[in-house]
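Structural overview for review
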Amino acid sequence: QKHLQTTKTMLTKFESKSARVKGLAFHPVRPWICASLHNGVIQLWDYRVGTVIERFEEHDGPVRGVDFHLHEPLIVSGGDDYKIKVWDYKLKRCLFTLLGHLDYIRTVQFHPNASQFP
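The model shown is predicted, which means the values in this text are computed figures rather than measured ones.

1. A closer look at the pattern of salt bridges
If you walk through the whole model with that rule in mind, you get seven salt bridges. When the shortest N-O distance is used, the salt bridge between Arg 64 and Asp 80 registers 2.3 Å. On the criterion of sequence distance, the pair formed by Arg 64 in strand β5 (residues 63–68) and Asp 80 in the loop between β6 (74–79) and β7 (84–88) is long-range, its members being 16 residues apart. Of the charged contacts, one joins Arg 106 and Asp 103 as a salt bridge, the two residues approaching to 3.5 Å between their closest N and O atoms. Judged by relative accessible area, which is 38%, Asp 103 ranks as partly exposed.

2. Brief notes about the sheet that holds strand β3 (residues 42–46)
Each strand in a sheet pairs with another by means of backbone hydrogen bonds, the pair being arranged parallel or else antiparallel. Judged by pairing direction, the sheet is antiparallel, and its four strands sit side by side in the order β1-β2-β3-β4 without closing on themselves. For this open sheet the edge positions go to β1 (21–26) and β4 (51–56), each flanked by a neighbour on one side alone. Sheet twist, expressed as the mean angle between neighbouring strand axes with direction ignored, is 25°. In this structure, strand β2 (residues 32–37) lies alongside β3, joined through five bridges in antiparallel fashion. When the bridges of β3 are listed, Ile 33 appears paired with Trp 45.

3. Some thoughts on the packing of aromatic side chains
Per the stated rule, a full pass over the model turns up five aromatic pairs. Taking 5.1 Å as the distance between ring centres and 80° as the angle between the ring planes, the aromatic pair formed by Trp 32 and Tyr 89 counts as edge-to-face. In this pair, Trp 32 sits in strand β2 while Tyr 89 sits in the loop between β7 and β8 (93–98), placing the two residues 57 residues apart along the sequence. No difference in accessibility class separates Trp 32 from Tyr 89, as the two residues are buried. Ring geometry for Phe 56 versus Trp 87: centroids 5.1 Å apart, planes at 50°, classification tilted.

Calculation criteria
- Residues numbered from 1 in each chain as written.
- Predicted model: local features only at pLDDT ≥ 70, side-chain atom pairs only at ≥ 80, totals over all residues.
- Heavy atoms only, no water.
- Salt bridge = Lys/Arg side-chain N within 4 Å of Asp/Glu carboxyl O.
- Helix = DSSP H or I, 4+ residues; strand = E, 2+ residues; numbered from the N terminus.
- Buried < 20%, exposed > 50% of the residue type's maximum accessible area, 1.4 Å probe, protein only.
- Pairing = 2+ DSSP bridges.
- Axes fitted to C-alpha atoms, helices over the stretch in contact; angles between N-to-C directions.
- Phe/Tyr/Trp six-rings, centres within 6.5 Å; stacked < 30°, edge-to-face > 60°.

Below you can see the structure in the form of structure tokens.
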């Protein structure tokens, strides 16, 4: 019986002078990470070069969750302001906000097979 030895190596460390990170999402194709922060900001990072390439700042309070759409240039976010926002990262703006929640939005996710819906 063979035993596989695994090593855990940190590939890259990202540092930002900001509030705590509450959520992370990796882009399905591009070398990007989306980070949702305690200070209400969403940062879009290029992990190849280790820089922030975009910031989205419309949440009032901590943003707990983010996700990338698999096929469209969209990000979804949710936070302590009871709002879910859908962003177009090519247009660099919020497309719409979903209201009506009665508590913090703790996590968000696009449907993994969203392309099968009209």
